[in-house]
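# Remarks on the overall topology
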Protein chains: 2
Amino acid sequence: MAALPSGVLGALDPTSDRAVFRQIADQLREAIDKGRFKEGAKLPSEAELTEHFGVSRMTVRNSLSILQSEGLVSSEHGRGVFVRPRPPVRRLASDRFARRHRDQGKSAFTVEAEAAGSRPEVDSLEVREERSTPEISARLGSARKVLARRRRYLMDGKPVEFATSYLPLDIARNTPIAEPNPGPGGIYARLEELGHRLEHFDEEVRARMPAPDEVKTLRLASGVPVIHLVRTAYDTEGRAVEVCDTVMAADAYVLAYQLPAT
Amino acid sequence: MAALPSGVLGALDPTSDRAVFRQIADQLREAIDKGRFKEGAKLPSEAELTEHFGVSRMTVRNSLSILQSEGLVSSEHGRGVFVRPRPPVRRLASDRFARRHRDQGKSAFTVEAEAAGSRPEVDSLEVREERSTPEISARLGSARKVLARRRRYLMDGKPVEFATSYLPLDIARNTPIAEPNPGPGGIYARLEELGHRLEHFDEEVRARMPAPDEVKTLRLASGVPVIHLVRTAYDTEGRAVEVCDTVMAADAYVLAYQLPAT
DNA sequence: TAGTGGTCTAGACCACAGC
DNA sequence: CTGTGGTCTAGACCACTAA
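Here is a short report on the structure shown in this document. Residue indices begin from 1 for each chain and proceed along its sequence in written order. Naming scheme: in the order in which they are written, chains are lettered from A and ligands are numbered from 1. With pLDDT at 70 or above as the cut-off, local features in this predicted model cover only qualifying residues; side-chain atom pairs require 80 or more to be listed or tallied, and sums for whole chains, interfaces and linings still use all residues. As a convention, hydrogens and water are excluded, and side-chain values are obtained from all of the structure's heavy atoms.

### Thoughts on the protein's contact with DNA strand D
Where we set the bar: Any residue with at least one heavy atom within 4 Å of a molecule or strand is counted as near it. Whenever two N or O atoms come within 3.5 Å, that pair is a polar contact, provided that in protein one can donate a hydrogen and the other can accept it, and provided that, for residues adjacent in sequence, both atoms are side-chain atoms. Per the convention used, a helix needs a DSSP run of H or I reaching at least four residues, while a strand needs a run of E reaching at least two, with both numbered from the N terminus.
Among the 24 residues in the neighbourhood of DNA strand D, the closest are listed as Arg57(A), Val20(B), Phe21(B), Ser56(B) and Thr59(B). The contact in question runs from a phosphate oxygen of DNA strand D to an N or O atom on the backbone of Val20(B), over 2.6 Å. Between DNA strand D and the protein, one listed contact pairs a sugar or linking oxygen with a backbone N or O atom of Gly78(B) at 3.5 Å. For the surface near DNA strand D, the secondary-structure elements that each account for two or more residues are α3 (57–69), β1 (73–76) and β2 (80–83) of chain A together with α1 (20–33) and α3 (57–69) of chain B.

Below you can see the structure in the form of structure tokens.
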């Protein structure tokens, strides 16, 4: 027989208009918010909740699916439902592409991750020439074909970000930029060596729920949105020399920017 | 009797490992992506899908709930399930707080919305003195009490953003900033008149799923995340003079920033 | 009034985790 | 092996929308 959950859950209000499964979700949410279930803790099992509230299993599962879509809990087959721990957050500062951060042997991602005490990793490396899409063309100019550099970033084994850089072929072809490892300082350092001194970057930030392939690539728990960031790099002549399309697990990031008041 | 859905949906693959409700969701998602169901179009009813795929109603509902949590569709009681139309997007430019945008009779929000052909509205106005929270104190300095200005922004009747500004009492008390309507140019114009010439703003951007009260305030469809933006304004003496905490419907915004390359 | 989605029941069998 | 969540059925009654 299933044991009754501790004492943290009350009774339903049968006079309430609020649906039973919502009332159960409300109680569990409140218990989580107030710390009666801590991060990583296991919620009562479906059987226990079923018995405690005197409802059918589907009603309980319905409640849990609400909390899951809110990103509060995640279920593990055969183990239970757990309060979702918040992963360490990567803070992206507005000066992260400043030249002074580039003159090193390692990539910005590696340096920063190690400073934070995490184990950085880059995989799914792919470099190839592709037909440009309308979106990329609109930003890069009229290049029909582009060099695409795809890679995935992980922290301590957890995927956090998936990025694709697009560069005009007339700039990147037959240069270190077309190599899997472009060398110290990354492609921005190489662009400057090729005479494209960088002047500024434009970034566009959106948030949305992930598509199924993004859930897979980033191993996202349900209830975790993605931040979609599109960055365009401009050289001192005003030419767009790179577009970087990035999809990030939203629970792993905070973006910091500085705006002028003038 | 329910009519069969057009011809856009195929059959299930009984040999597949993939759960039936996922297969159904996949088919519907593909049909939406390929435009076989357009924006705002009604999907086949649950009864039609039940009959077409030969499964129980709960299985069909399970499929639809996946699409709903992905933000692809939204259901309307008594009417049907519809492909969710994308609302017009507000683009927040990085120079939106530049001084030159302030010297007008209307607020930045109003000016910008009218330029975009929308009907702007501000409600839920509340101005009061409050105890500061640790988060606010960390940004504003050690002020124990602050002036809080709360308001909700709507475009064409749809809530898009909910914001609270916090200001140190020693700056804001007994000034136009403590009035419901602070006058032309908003509180930033008033701060400068009071001798706090603004130097720059820091913004922190996060994305997450909304809490239940945010769903209510912003009338969010399920599957729509929020962008959580915290802005701190600094004057030329380096003092933090305002913290603005904003929660935005993520489907209504794109944030644009400019980063220096130096 | 007919058709739609919203809620709920009481079962069933399965796959996975962990002892 | 037991307990867990994952999937699925075949009903039921309700509330809302629109003709």
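### A short note on α3(A)
In an α-helix there are 3.6 residues to a turn, and that puts residues three or four apart on one side. All names here are of chain A. For clarity, the threshold we go by: Multiply 1.5 Å by the residue count of a helix minus one, and that product is the helix's expected span. In this description, contact between two residues means that some pair of their heavy atoms is separated by no more than 4.5 Å.
Spanning 13 residues, α3 covers 18 Å between terminal C-alpha atoms, matching the ideal 18 Å at 1.5 Å per step. Next to the buried residues of α3 lie α1 (20–33), α2 (46–53), β1 and β2. Note on α3: the residue one or two positions beyond its end, Gly71, has a positive phi of about 80°.

### Regarding the packing of aromatic side chains
Note the cut-off: Any pair of Phe, Tyr and Trp rings, taking the six-membered ring for Trp, is counted once the centres come within 6.5 Å. Such a pair is stacked with planes under 30 degrees apart, edge-to-face with planes over 60 apart, and tilted for the rest.
Inspection of every chain in the model, using the stated rule, returns nine aromatic pairs over all chains. Plain terms: the ring middles of Phe97(A) and Tyr188(A) are 5.5 Å apart, the flat faces sit at 85° to each other, and that makes the pair edge-to-face. A residue pair is termed long-range when its members are at least 10 positions apart, and Phe97(A) in the loop between β3 (90–92) and α4 (108–115) and Tyr188(A) in helix α7 (residues 186–193) qualify at 91 residues. Between Phe97(B) and Phe201(B), the ring centres sit 5.1 Å apart and the planes meet at 40°, which makes this aromatic pair tilted. Note that Phe97(B) is positioned in the loop between β3 (90–92) and α4 (108–115) and Phe201(B) in strand β7 (residues 198–208), a separation of 104 residues in sequence.

### Re the interface of chain A and chain B
Selection rule: Defined in terms of a 1.4 Å probe, buried area is the accessible area two parts forfeit on being brought together, summed over both. The term salt bridge refers to a pairing of a side-chain nitrogen on Lys or Arg with a carboxyl oxygen on Asp or Glu at a separation within 4 Å.
Chain A puts 39 residues into the contact, and the matching count from chain B is 39 residues. Together chain A and chain B conceal approximately 3,300 Å² of surface at their shared face, both sides included; 58% is due to carbon and sulfur atoms. The largest share of the area that chain A buries against chain B comes from Tyr257(A), Leu259(A) and Ala261(A), three residues that together contribute 22% of it. Counting every contact that joins chain A to chain B gives two salt bridges.

### Section: the protein's contact with DNA strand C
Counted only if it meets this: Residue polarity is assigned by list, with Asp, Glu, Lys and Arg as charged and Ala, Val, Leu, Ile, Met, Phe, Trp, Tyr, Cys and Pro as nonpolar; anything else, Gly included, falls into the polar class.
Looking at DNA strand C, there are 24 residues lining it, with Val20(A), Thr59(A), His77(A), Arg79(A) and Arg57(B) nearest. The sugar-phosphate backbone supplies 67% of the atoms of DNA strand C found within 4 Å of the protein. Contact between DNA strand C and His77(A): a base nitrogen at 2.8 Å from a side-chain N or O atom of the residue. Between a base nitrogen of DNA strand C and a side-chain N or O atom of Arg57(B), the distance comes to 2.7 Å. Looking at the surface near DNA strand C residue by residue, the class counts come to seven nonpolar, nine polar and eight charged.

### As for the pattern of salt bridges
What counts is decided by this rule: Three exposure classes are used, based on accessible area relative to the maximum for each residue type with a 1.4 Å probe and protein chains only: buried under 20%, partly exposed in between, and exposed over 50%.
Tallied over the entire structure, the rule returns 52 salt bridges over all chains. Salt-bridge contacts for Glu46(A) lead to Arg57(A); the nearest nitrogen and oxygen are separated by 2.7 Å. With Glu46(A) in helix α2 and Arg57(A) in helix α3, this residue pair connects regions lying 11 residues apart in the sequence. The partner of Glu46(B) in a salt bridge is Arg61(B), with the nearest N and O atoms 2.9 Å apart. Linking Glu46(B) in helix α2 (residues 46–53) with Arg61(B) in helix α3, this pair joins segments that are 15 residues apart in sequence. A residue is classified by how much of its surface remains accessible, and Glu46(B), at 17% relative accessible area, is buried.

### Remarks on the sheet that holds strand β10 (residues 253–260) of chain A
Two modes of strand pairing occur in sheets, parallel and antiparallel, and in both the strands are linked by backbone hydrogen bonds. The condition that has to hold: Strands pair, by our definition, only if DSSP identifies at least two bridges between them. Convention adopted: a line fitted to C-alpha atoms gives each axis, helices being fitted over their contacting stretch, and angles between N-to-C directions are expressed from 0 to 180 degrees.
The eight strands are arranged β3(A)-β10(A)-β7(B)-β8(B)-β9(B)-β6(B)-β5(B)-β4(B) in an open sheet whose pairing can be described as mixed. What marks the edges here is a single partner per strand, and that holds for β3 of chain A together with β4 (120–131) of chain B. Between one strand and the next, the sheet's axes are offset by a mean angle of 15°, whatever the strand orientation. Bridge count between strand β5 (residues 145–155) of chain B and strand β6 (residues 158–168) of chain B: 10 bridges; the pairing is antiparallel. Within β6(B), the residue paired with Ala148(B) across the bridge is Tyr166(B).

### Quick notes on the packing of α2(A) against α3(A)
All names here are of chain A. This is how it is decided: If an angle is under 35 degrees, it is roughly parallel; if it is over 145, roughly antiparallel; if it lies from 65 to 115, roughly perpendicular; otherwise it is oblique. Left-handed describes a crossing whose near helix is turned anticlockwise from the far helix by less than a right angle; the clockwise case is right-handed.
Contact geometry for α2 and α3: axes closest at 9 Å, N-to-C directions at 115°. By the angle between their directions, the pair α2 and α3 is classed as roughly perpendicular. Here α2 and α3 pass one another in a crossing that is right-handed. For the pair α2 and α3, the contacting residues are Glu46, Leu49 and Thr50 in the first and Arg57, Val60, Arg61 and Leu64 in the second. Grouping the amino acids of the contact of α2 with α3 by side-chain chemistry returns three nonpolar, one polar and three charged.

### Some thoughts on the packing of α1(B) against α3(B)
All names here are of chain B. For the pair α1 and α3, the least separation of the axes is 8 Å and the interaxial angle reads 50°. Relative to α3, α1 is oriented oblique. α3 is crossed by α1, and the crossing has right-handed handedness. Along its contact with α1, which presents Val20, Phe21, Arg22, Ile24, Ala25, Leu28 and Arg29, the element α3 presents Thr59, Asn62, Ser63, Leu64, Ile66 and Leu67. Residue classes in the contact of α1 with α3 are distributed as eight nonpolar, three polar and two charged.

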